[in-house]
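# A look at the structure
Listed below, chain by chain, are the residues.
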Amino acid sequence: CWASCCACARREKQYVPRVVRVGIPDRKSNHPANVIRNQKYSVLTFLPLVLFEQFKNFLNFCFLVMALSQFIPQLRIGYLYTYWGPLAFVVSVTMVREAVDDIRRYLRDREVNGTAYERLSKAGAQTVPSSALRVGDVVRVGKNQRVPADLVLLRTSDRQGTCYLRTDQLDGETDWKLRLAPTVTQAVERDEDLLDLGGSVYAERPGRDIHGFIGTLTVARLSPDQQQQPEQQQMALSVENTVWANTVVASGWALGLVVYTGPETRAVMNNSKPRSKFGMTDVEINNITKVLVACVLLLSLALLALKGFGGQWYKYFWRFFLLFSYIVPLALRVNLDVAKMTYSFFIMRDKKLEGNIVRNTTIPEELGRISYLLSDKTGTLTENEMVIRSLLQAGLAANAGGGGEGGSGGGGPDSVTRLGADLAARTAEAVRAVALCHNVTPVYDEAGADSGGAPAYQASSPDEVALVSWTAEVGLALVHRDQTSMRLRTPAGAELAYTVLHLFPFSSETKRMGIVVRDEATGDIAFYAKGADTVIGALVQPVDWLEEEVGNLAREGLRTLLVAKRRLKRDFYEDWSRRYEQARLAVENRSERMQQLQQQLDSGLELLCVTGVEDRLQSGVRPTLETLRNAGVRVWMLTGDKMETACCIAKSSRLVDRSGGLFAFQPASLRSADLDKELRNMARRVEAGHSVVISGECLQYGYYLPQAAVEQDERRFVQLACQAPAVVVCRCSPTQKAEVVRLLKDHTGKRCAAVGDGGNDVAMIQEADCGMGIAGKEGLQASLAADFSIARFQHVTRLMLVSQDTVGRVYRCPTIVHGRRCYKNTSVLAQFIVHRGLIISTMQAAFSAVFFYVAISLFPGILMIGYATIFTMFPVFSLVLDKDVASATAEKFPELYRDLLKGRELSAKLLCIWVAISIYQGGVIMYGSIWLFQGSFLHIVSIGFTALVFTELIMVALTVRTWCWQIIVAELVSLCSYLAAVFILTQYFDRAFILTLNFLWKVSAITAVSSIPIVALKLIRYLMSPPIARKLQA
């Protein structure tokens, strides 16, 4: 019964298709409220969830048990505050931090949910907050206003029913997307008439696919012949008729029907819930803690066995456990938390990382352990600014970017007439083809086209905007475009009018686009095609120079497009158009029949030109990728763009070496033989040094990604991909980006970082062990969701690899710790705190063994608190300011970062070394104090505790690799604090004995015996096997 209840609680909600009536909210169905909620906690769940996260940590749980045991008088050792004080401090700091972060999320959500929108109803227009919208409402979204829910477009301010959207917060692309309203709803005279149509929309079940939608619009109208019989008119709906939530209306206004709300919107379903991240260093410290607890249990059991199991032996066992619990000091948790906040403070003060913000102070040391960096493309690696660099035409090469030798792309007709009339005519035809074959729309300001101002071009692809902008520069400007017509303006001011007969948009399957236009002046009909060289090159008449020139452009990192033309006879076109319209109305095999008819236009294509377009990279991208590669960090690029675009950017950014190739993982089918064949091909290409590109067709519905990985051998696929120099994943949705991160984490066990700049990168950033968000053109959504907010991609290396020497106005600190140094110093700090607890527990065990296994504390509680705080805390904590090499050395030799990826800073070998040192020093101090004391137990405390403090200060000095004034001050402050305590706490120290020469030589002798062998061993190791960092610095 309990298992059934748990299964019901874990069962995911089953979504079903729905029928939504226009203007009639569906209050009977259990649709979620249109509320955005990014909070991790509620008022009721905050305290239990935070406490659960805290005491899920093994160290905190152990101290909770020990603190609770102090309420039992028979088990109490010392005062309650010695256990509850540090524990309450750690938990309180975490609760305050979590509460502040969650309150900030709540305030952001409240602002979004309270945004006002105009809702259309039969009672008139009403202004309601976004949270009040329901499925079935008709809502108006104004220009530059965020879309509050998933809508089906009904009517727009444009006569043609068009509407442009900015989708950067959904798919990461900054180019505007064109959406169309159904003709039957766009044709109504007033907005209120939409409510009288009796319309309804059949919508598919909610899903994550932001690039697809299946629906049907049904409208009931009264027949003019039969006044009592309504006619049913149906129209197919696709993604072109939808407006998804979190997009922004870029032109005019739009009226839409709410079909999905809140958690059922595409934007929310593609985002993952925020989670509490737990660093690998914390995991390793947690494991070390478990080992130390086991050691405490064994040590307590051993002393109890020597004492005997008679009487109430379990009380003695627990008292021994509490006495030796200093091996597992809670100060470790306190010091690590404060150290992380210190690291975060230093990172934000780095003047070379201007604008960076640390939003998650729990994982700064993870920056030093990154093995895989998964990066978005658009806006992260690139500026998303396209520039046409070359236009090649048989016998003519125009350097469109300017500055080339003999370039003919920067002037008017005079620059090409020297090449001959025939060549000039062909060039003019090529420019006209580029100006016509696209899906670009000119957008004017409020003054309109009549004011003579230049339009702003908008399209779903930035390279199309670059091409049309270039044709305007050379004298053929696009001045008007709607669904049925297009006008071009020549340098003389004349306008060329064309009628758009058919438009075939670009798709990932066809890898090309086409358009059929009619010249209004001559009546000529032509079909223009533009697409990838692999597709258009196979359709046009053979050209001997094509393959070589396309290869040259690709090696330069330019994305290449081939433009071709075919003249259509009127009779042929009319027959073809009639059959194409029949195919569009077909109920069965509609797509296949339309595709076959489109292919009939491809025969007889004539190549006009080859264009080379460059997507400008952000400054510093190439050296950043090179530095990461030298540091042993493998970079994967995840993008929603098509494969050709992703491959071009991978080559131009040097993510993929020019001398290396790119292997596209594209199995012919999902059969086992084809998958196995493709994996073998992939293994051979990866072994040859080729990088891997995974196409969108190999991604399965947003779950564990490659079909080969899911259905055949997931581990084999991941191993091969991880061996490749670089991996490019294209055409992936936000959810699939997160799944790529999860796939790498699960199968490699390595730490993964993700960097992006758009709302489509949030899921990936939250899933990664370390998320970095760029605050840029695509908004702040990625930056707010990230662990670290940076200004540019090039800051990644400084954040991970390099530390900076800086001088502040108020604080003067020689070391600002990032990534590599943060991880190394955290490891040293953890080991030293464990050593500090081990040495005093060793002294306690020796004391109990010598004095007949007595279960009493060697040192009073006040001294133990002082030992863990003012006497040794400042020098130990000052280790976070230490550095093994100078910043210039770390920047010059990124290979230093490679050593950290082995994870040896907190290895079992180092732990055993520190345990051995602690046992040796603790034994020497304890037995030396007993041997040298003069008949008074107080002398043991004085000699032993003084030697213990001096030994710890010496060990800190031996551990420091680069001295700074803060470390020196910390050592002196601790020494002076202890000397002052010796003369103040007279009940624990015999002042008369301490001032004698006898005390000084005994303390000096014990301290020397405990420290000199350690100094000698360190010196021998330094001379015989110096660390690589010292070699490089020398």
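Residues numbered from 1 in each chain as written. Predicted model: local features only at pLDDT ≥ 70, side-chain atom pairs only at ≥ 80, totals over all residues. Heavy atoms only, no water.

- Named according to an unreviewed UniProt entry, the protein is Phospholipid-transporting ATPase originating from Macrostomum lignano.
- A UniProt comment under Cofactor (unreviewed entry) is attached to the protein, and it reads "Mg(2+)".
- Under the UniProt heading Sequence similarities (unreviewed entry), the note attached to the protein is "Belongs to the cation transport ATPase (P-type) (TC 3.A.3) family. Type IV subfamily." (UniProt positions renumbered as here; feature names shortened; annotations may be inferred.)

### Quick word on the overall build of the protein
- Counting secondary structure elements, the protein contains 36 helices and 33 strands.
- Every one of the 1034 residues in the protein was classed for burial, and the buried ones make up 54%.
- When contacts within the protein are restricted to residue pairs at least 6 apart in sequence, those whose partners lie at least 24 apart make up 72%.
- Accessible area for the protein stands at about 45600 Å²; split by element, carbon and sulfur atoms hold 57% of it. (Helix = DSSP H or I, 4+ residues; strand = E, 2+ residues; numbered from the N terminus. Buried < 20%, exposed > 50% of the residue type's maximum accessible area, 1.4 Å probe, protein only. Contact = heavy atoms within 4.5 Å. Areas by Shrake-Rupley, 256 points an atom, 1.4 Å probe, with all protein chains shown as cover.)

### A short note on the confidence of the model for the protein
- A residue-level look at the protein finds 86% of positions with pLDDT of 70 or above and a mean pLDDT of 80.
- Under a pLDDT of 50 for its full length, residues 701–711 has, in the predicted model, 38 contacts with residues more than four places off or in other chains.
- Note that pLDDT drops below 50 for residues 803–817; the model gives that stretch 48 contacts with residues more than four away or on any other chain. (pLDDT = per-residue confidence, 0-100.)

### A short note on the sheet that holds strand β29 (residues 691–694)
- With mixed pairing, nine strands are arranged side by side in an open sheet as β14-β33-β32-β31-β15-β27-β30-β29-β28. Every other strand in the sheet has two partners, leaving β14 (357–358) and β28 (662–665) as the edge strands with one partner each.
- Across the sheet, helix α22 (residues 734–748) is in contact with β15 (370–376), β27 (634–638) and β31 (751–756); its angle to β15 comes to roughly 170°. (Pairing = 2+ DSSP bridges. Axes fitted to C-alpha atoms, helices over the stretch in contact; angles between N-to-C directions.)

### Focus: the nonpolar core
- Counting 54 residues, the largest nonpolar core has V328 and L332 as its most contacted members.
- The greatest single-element share of this core, amounting to nine residues, is contributed by helix α26 (residues 819–850).
- Here this core spans two domains, since at least three of its residues come from each of domain 1 (35–128) and domain 3 (326–350 + 815–1032).
- Core analysis: the second largest hydrophobic core is formed by 43 residues, I347, L373, I649 and M800 among them. (Core = buried A, V, L, I, M, F, W, Y, C linked by side-chain atoms within 4.5 Å. Domains from an automatic or database assignment.)

### Here's the deal with unusual backbone geometry
- Phi at N144 takes a positive value of approximately 60°, unusual for a residue other than glycine.
- Relative to the elements of secondary structure, N144 occurs in the loop between β4 (138–141) and β5 (150–156).
- The phi dihedral of N246 falls on the positive side, at around 75°, and the residue is not glycine.
- Inspection of the secondary structure puts N246 in the loop between β11 (242–243) and β12 (248–249).

### Things to note about the pairing of β5
- Counting buried residues in β5 gives seven out of seven residues, a clear majority hidden from the surface.
- Here six bridges tie β5 to strand β13 (residues 254–260), and the two strands are oriented antiparallel to one another. By the bridge assignment, D150 is partnered in β13 with Y260.
- Two strands pair when backbone bridges link them, and β5 and β11 are joined in this way by two bridges, in the antiparallel orientation. Within β11, the residue paired with L151 across the bridge is V243.

### Looking at the layout of surface pockets
- The computed volume of the second largest pocket comes to approximately 1600 Å³.
- Taken together, 35 residues make up the lining of the second largest pocket; nearest its centre are L910, R961, K1018, R1021 and P1027.
- At the level of elements, α26, α30 (895–900), α31 (908–932), α32 (937–959), α35 (997–1024) and α36 (1028–1033) are the ones that each hand at least two residues to the lining of the second largest pocket.
- Considered class by class, the residues forming the lining of the second largest pocket number 18 nonpolar, five polar and 12 charged. (1 Å grid on protein atoms, 1.4 Å probe; cavity = no way out; pocket = protein on both sides within 12 Å on 5 of 7 lines; lining within 4 Å. Points joined across faces, edges and corners; volume = space filled by probe spheres on them. Nonpolar A, V, L, I, M, F, W, Y, C, P; charged D, E, K, R; others polar.)

### Focus: the environment of V982
- You can see V982 is positioned in helix α33 (residues 965–984).
- Measuring from C-alpha to C-alpha, the distance between V982 and I994 comes to 8.5 Å, with 12 residues separating the pair along the chain.
- Not counting the four nearest positions on each side in its chain, V982 is found in contact with F989 and I994.

### Brief notes about a positive patch on the surface
- Together, K902, R904, K909, K1018 and R1021 line one region of the surface with positive charge.
- Tracing the sequence through the fold places R904 in the loop between α30 and α31. (Patch = residues over 30% accessible without salt bridge, like charges linked within 9 Å, V, L, I, M, F, W, Y side chains within 5 Å. Salt bridge = Lys/Arg side-chain N within 4 Å of Asp/Glu carboxyl O. Lys, Arg positive; Asp, Glu negative; His and termini not counted. Charge placed at Lys NZ, Arg CZ, Asp CG, Glu CD.)

### Section: the packing of aromatic side chains
- Using the criterion set out here, one finds 25 aromatic pairs in the structure.
- Ring centres of W313 and Y314 lie 6.2 Å apart, and the angle between their planes is 80°; on these two criteria the pair is classed as edge-to-face.
- Both rings, one in Y372 and one in W636, keep their centres 6.3 Å apart while their planes meet at 85°; by these two values the pair is edge-to-face. Residue Y372 is found in strand β15, and its partner W636 is found in strand β27; the two are separated by 264 residues along the sequence. You'll find Y372 and W636 in the same group, each marked buried.
- One aromatic cluster is present, built from ring pairs that chain together F859, Y867, F871, F945, F950, Y978 and F989.
- Its end group placed over the ring of W253, R140 keeps NZ or CZ at 4.4 Å from the ring centre. (Phe/Tyr/Trp six-rings, centres within 6.5 Å; stacked < 30°, edge-to-face > 60°. Lys NZ or Arg CZ within 6 Å of the ring centre and 35° of its normal.)

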